[in-house]
Amino acid sequence: MLAFWNNVKVELEYKLMSQKELAAKTDISYNTIQSWITKDRLPDAADAVKIAKVLDVSVEYLVTGNESPRRVENPEINEIMRDIRHLSPGDLSIAKTLVHRLTEH
């Protein structure tokens, strides 16, 4: 698999976003994205820019992996974000409410 798609996958996981959500937010069909991945092809420049914009990273990072994407530097926050992926919708709602209450001033 091209580094581009590996980097897209990493960013999707980090943002807790699915490929279908990426497709909807970029206005690129899900089937087109799947075809690019399956055939190991890069999107054209305009579509690569759309994908990078939605993922809030540079096209350079997606293509080369050289430029580090923005990340929270606190390992505890990163651990919590990874754990959140495994919550049920009901538990996610509870966690969201708890975080909002804890951050109210």
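Every value quoted in this text rests on a predicted model; they were computed, and no experiment measured them.

Parameters and conventions
Residues numbered from 1 in each chain as written. Predicted model: local features only at pLDDT ≥ 70, side-chain atom pairs only at ≥ 80, totals over all residues. Heavy atoms only, no water. Helix = DSSP H or I, 4+ residues; strand = E, 2+ residues; numbered from the N terminus. Buried < 20%, exposed > 50% of the residue type's maximum accessible area, 1.4 Å probe, protein only. Contact = heavy atoms within 4.5 Å. Salt bridge = Lys/Arg side-chain N within 4 Å of Asp/Glu carboxyl O.

Draft legend 1. Molecular detail of unusual backbone geometry. Of note in the backbone geometry, Asp27 takes a positive phi value of approximately 60 degrees without being a glycine. Topologically, Asp27 is positioned in the loop between α2 (19-26) and α3 (30-38). For Asp27, a relative accessible area of 68% puts it in the exposed group. We note that Asp40 has phi near 55 degrees; this positive angle belongs to a residue other than glycine. Here Asp40 shows up in the loop between α3 and α4 (45-55).

Draft legend 2. Focus on the environment of Asp40. A relative accessible area of 36% means that Asp40 is categorised as partly exposed. Taking the C-alpha atoms as reference points, Asp40 and Leu2, separated by 38 residues in sequence, lie 6.1 Å from one another. If we skip the residues at most four places from it in the chain, Asp40 touches Met1 and Leu2.

Draft legend 3. Here's a closer look at the pattern of salt bridges. Applying the stated criterion across every chain yields a total of two salt bridges. The partner of Glu11 in a salt bridge is Lys15, and the shortest N-O contact between them spans 3.8 Å. A relative accessible area of 0% means that Glu11 is categorised as buried. Ionic pairing is found between Lys50 and Asp47, a salt bridge with its closest N-O pair at 3.7 Å. In this pair, Lys50 and Asp47 are both assigned in helix α4, three residues apart and thus about one turn of the helix distant. A residue is classified by how much of its surface remains accessible, and Lys50, at 36% relative accessible area, is partly exposed.

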